[in-house]
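Summary of structural features
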Amino acid sequence: MSLIKQSNHLKPKKRWRWLVGAIIAIILIAAFLFFPTNYYLEVPGSAESLKPFVKVAGTKDKAKGSYMLTTVGVVGPASPALLLFSKTQAHTEIVSKQDLMGSDSSAEYDQLQTYYMKSAANNAVAAAFKAAKQPVKTEHRGIYVMSVLPQSPFKGKLALGDTITKLNGKSYQTADAYVKAIKSKKVGTNITLTYQHKGQTKQATAKLIRLPQTKRAGIGITLTENTAVTSDPKVTIDAGNIGGPSAGTMFALQIYTQITHQDLRRGRIIAGTGTIDPDGHVGQIGGIDKKVVAADAKGAKIFFAPNQPATKKLKHYDPNYVNNYAEAVQTAKQIKTKMKIVPVKTLGDVIRYMKAYAKADQ
């Protein structure tokens, strides 16, 4: 009798342990499937026609085909299951929140991308009109504060979106000019920045620091141009929720063909990427392999890729530097696309190629 009673007494305990174990297993599985980590996935994004984004007063792009910008998709925060699954997907990269956004919040990161897009759009207008030898006026309003490093002496003084208008009482016309002026000074030197914060003019003074992994002085702030461009005809660019500077070259190509009233596409889909400055220089971008995949998926015949060969100086500052064009060619081979990858260094290179392309099709 005592053995039977003992057996009956243990059954509820076993059921309870089984229940607890099952609950723990469900929690662990749910966490594996859904719990957000501190990592994101960069994946092939989209290829978007520029026709809806670029408006030139008095003219409309009615020609067949389209110029397309390309994007990198960002997924996350990713769960452990998604991170594991990503290992089986080509052209998918795991990036930490720190690498993707720095110290910015998601809202600040989105705002940052909007500023980059605005700057890229203004640069594209200036570059396109200069290439077409048509008048364009650029008003330099200062330079946007894009990010402030944790060790910056101006941390807590300047904020994302502020516009620096003077350095030690002197205004400069470009972000590079500000950087050169700062580089000319010694670490520990006091400098005063005049800036606009929410419509108010303010000043902040601090000592220059030695920038990480360099021997030069700096302020620990990422900068980009705050400009306003006036042209005739007027150009308006609205890319919606697409941010960043990498569509600059394709914006400029779209504008150029509209203000010169040329049909250079001949009905084809033409894609590409690259930053642009007001003088038409095409700059390196990130995630080009993913953009090649996106362009191929939309049937693009040509893909323009920035071609900045790796110099000793570039390799010094970025040992992992990979030329965009070389990476794009490698990706094209991997996905076995017939899309032609075209290396470009300037908007002039793009235009010359498109003119030869159109002429060959006549």
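Remember, it's a predicted structure, so these values are computed and weren't measured experimentally. (Residues numbered from 1 in each chain as written. Predicted model: local features only at pLDDT ≥ 70, side-chain atom pairs only at ≥ 80, totals over all residues. Heavy atoms only, no water.)

Here we take up the packing of aromatic side chains. Note on aromatic pairs: each is described by the distance of the centres and the angle between the planes. Summed over all chains, the structure comprises 3 aromatic pairs. Ring centres 5.8 Å apart and planes at 90° place the aromatic pair Phe304 and Tyr353 in the edge-to-face group. Of this pair, Phe304 sits in strand E16 (residues 302-306) while Tyr353 sits in helix H10 (residues 347-360), and the two are 49 residues apart along the sequence. For the pair Tyr353 and Tyr357, a centre-to-centre distance of 6.3 Å together with 15° between the ring planes defines the contact as stacked. Taken together, the positions of Tyr353 and Tyr357, both in helix H10 and 4 residues apart, correspond to about one turn of that helix. On the accessibility criterion, Tyr357 (18% relative accessible area) is buried. Grouping aromatic residues by their ring pairs yields a cluster made of Phe304, Tyr353 and Tyr357. Between Lys157 and the ring centre of Phe154, over which it is positioned, the NZ or CZ distance is 6.0 Å. Here the basic side chain of Arg265 rests over the ring of Tyr67, its NZ or CZ set 4.7 Å away from the ring centre. (Phe/Tyr/Trp six-rings, centres within 6.5 Å; stacked < 30°, edge-to-face > 60°. Helix = DSSP H or I, 4+ residues; strand = E, 2+ residues; numbered from the N terminus. Buried < 20%, exposed > 50% of the residue type's maximum accessible area, 1.4 Å probe, protein only. Lys NZ or Arg CZ within 6 Å of the ring centre and 35° of its normal.)

This paragraph deals with the nonpolar core. Note on soluble globular proteins: their nonpolar side chains tend to be buried together. Counting 38 residues, the largest nonpolar core has Leu50, Val54, Tyr67, Phe251, Ile255, Phe304 and Met354 as the members making the most contacts within it. Taken together, the elements giving at least two residues each to this core come down to strand E2 (54-56), strand E3 (66-75), helix H4 (106-131), helix H6 (248-259), E16, strand E17 (340-344) and H10. For this core, the element with the highest residue contribution is H6, accounting for 7 residues. With near-sequence residues (within four places) excluded, Phe251 lies in contact with Leu50, Phe53, Val54, Leu69, Met117, Ala124, Ile237 and Ala239. Counting residues in hydrophobic clusters, the runner-up holds 21 residues, among them Phe154, Ala206, Ala217 and Ile219. (Core = buried A, V, L, I, M, F, W, Y, C linked by side-chain atoms within 4.5 Å. Contact = heavy atoms within 4.5 Å.)

Asp232 connects to Pro233 through a cis peptide bond whose omega is 10°. Its location among the elements puts Pro233 in the loop between strand E11 (221-231) and strand E12 (235-237). Phi is positive for Lys198, which is not a glycine, with a value near 50°. Note on Lys198: relative accessible area 79%, which makes it exposed.

Turning our attention to the pairing of strand E5 (residues 136-148). Pairing between E5 and E11: 11 bridges, direction antiparallel. Paired with His140 across the bridge in E11 is Thr227. Relative to strand E6 (residues 163-167), E5 is paired through 2 bridges, and the arrangement is antiparallel. What sits directly across from Ile143, in E6, is Ile164. (Pairing = 2+ DSSP bridges.)

On to a nonpolar patch on the surface, then. Among the surface-exposed residues, Trp16, Trp18, Leu19, Val20, Ile23, Ile24, Ile27 and Leu28 lie close enough to one another that they form a single nonpolar patch of about 860 Å² accessible area. By the element assignment, Trp18 lies in helix H1 (residues 2-34). (Patch = residues over 30% accessible without salt bridge, like charges linked within 9 Å, V, L, I, M, F, W, Y side chains within 5 Å. Areas by Shrake-Rupley, 256 points an atom, 1.4 Å probe, with all protein chains shown as cover. Salt bridge = Lys/Arg side-chain N within 4 Å of Asp/Glu carboxyl O.)

Our next topic: the side chain of Thr194. Position of Thr194 relative to the elements: it lies in strand E7 (residues 190-197). Judged by relative accessible area, which is 8%, Thr194 ranks as buried.

Moving on to the sheet that holds E7. Spatial strand order, E8-E7-E6-E5-E11: 5 strands in an open sheet with antiparallel pairing. Of all the strands in the sheet, just strand E8 (200-207) and E11 have a single pairing partner and so form its edges. The average angle at which neighbouring strand axes cross in this sheet is 40°, direction not considered. Relative to E6, helix H5 (residues 175-183) is tilted by about 45°, and along the sheet it contacts E5, E6 and E11. (Axes fitted to C-alpha atoms, helices over the stretch in contact; angles between N-to-C directions.)

On to the packing of H6 against H10. For any two helices packed against each other, the geometry comes down to the angle between their axes and how far apart the axes lie. Two elements in contact, H6 and H10, have axes whose closest approach is 10 Å; the angle formed by their N-to-C orientations is 50°. Comparing their axes, H10 and H6 come out oblique. Here the hand of the crossing between H6 and H10 comes out right-handed. Contact with H6, carried on its side by Thr249, Ala252, Leu253 and Tyr256, involves Leu347, Val350, Ile351, Met354 and Lys355 of H10 and no other residues of that element. Class assignment for the residues of the contact of H6 with H10 results in 7 nonpolar, 1 polar and 1 charged. (Parallel < 35°, antiparallel > 145°, perpendicular 65-115°, else oblique. Left-handed = near helix turned anticlockwise from the far one by under 90°. Nonpolar A, V, L, I, M, F, W, Y, C, P; charged D, E, K, R; others polar.)

Here, the residues flagged by UniProt with the feature "active site" (unreviewed entry) are Ser246 and Lys291. Of the residues just listed, which span 46 residues, no C-alpha pair is farther apart than 10.6 Å, and they cluster in one region. If near-sequence neighbours (up to four positions away) are discounted, Ser246 is found in contact with Thr273, Gly274, Thr275, Ile285 and Lys291. In this fold, Lys291 is placed in helix H7 (residues 288-297). Of the residues examined, Lys291 reaches a relative accessible area of 3% and is grouped as buried. Sequence-distant contacts of Lys291, that is, excluding residues within four places in its chain, are made with Thr70, Thr71, Val72, Ser246, Thr273, Ile285, Gly286 and Phe303. (UniProt positions renumbered as here; feature names shortened; annotations may be inferred.)

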